[in-house]
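Listed below are the residues making up each chain.
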Amino acid sequence: MLIIIVNIANNTLVNHSRNPLMYVCICNDVKEKQIKAAIASGIDTLDGLKDTLDVATCCGCCEPMVNDYLEEHHAKFDVLAYAV
Ligand code: FES
């Protein structure tokens, strides 16, 4: 199921679906699965994802969602750092 929330305050679209095949960046035809794979391979910055996948390089509506994936990824390492 595709769940898109329109934030009228800052004119962005946020995709709240959790389907690995869902499109995150409609402008550049990039799916969640591709973003997560890139992050897992070590491309864990917004600029790196922009360079590699072209996400958030057109209208920018997907940037908040891409940042959510990055924050989610980095939060895992923060928890591991505290555990050591
Ligand atoms: S939806 Fe990603 S740049 Fe437009």
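Calculation notes
- Residues numbered from 1 in each chain as written.
- Predicted model: local features only at pLDDT ≥ 70, side-chain atom pairs only at ≥ 80, totals over all residues.
- Helix = DSSP H or I, 4+ residues; strand = E, 2+ residues; numbered from the N terminus.
- Core = buried A, V, L, I, M, F, W, Y, C linked by C-beta atoms within 7 Å.
- Buried ≥ 20, exposed ≤ 12 C-beta atoms within 10 Å, placed from the backbone.
- Contact = placed C-beta atoms within 7 Å.

(A) Fine view of the environment of Met-22. Residue placement: Met-22 occurs in the loop between β2 (12-15) and β3 (23-25). Separated by 10 residues in sequence, Met-22 and Glu-32 place their C-alpha atoms 5.9 Å apart.

(B) Main features of the nonpolar core. Core analysis: the biggest nonpolar cluster contains 12 residues, these being Val-24, Cys-25, Val-30, Ile-35, Leu-49, Leu-53, Val-55, Ala-56, Cys-61, Cys-62, Met-65 and Val-66. Where this core is concerned, the elements lending two or more residues are β3, α2 (46-53) and α3 (63-83). For Ile-35, the residues in contact, after removing those within four places along its chain, are Val-24, Val-30, Leu-49, Leu-53, Val-55, Val-66 and Tyr-69.

(C) Fine view of unusual backbone geometry. Positive phi, normally seen in glycine, also occurs at Asp-29, with a value near 60 degrees. By the secondary structure assignment, Asp-29 is in the loop between β3 and β4 (30-31). A positive phi angle, near 70 degrees, is found at Asp-54, a position not held by glycine. Looking at the secondary structure, you find Asp-54 in the loop between α2 and α3. Classification of Asp-54 by C-beta neighbours within 10 Å gives partly exposed; the count is 14.

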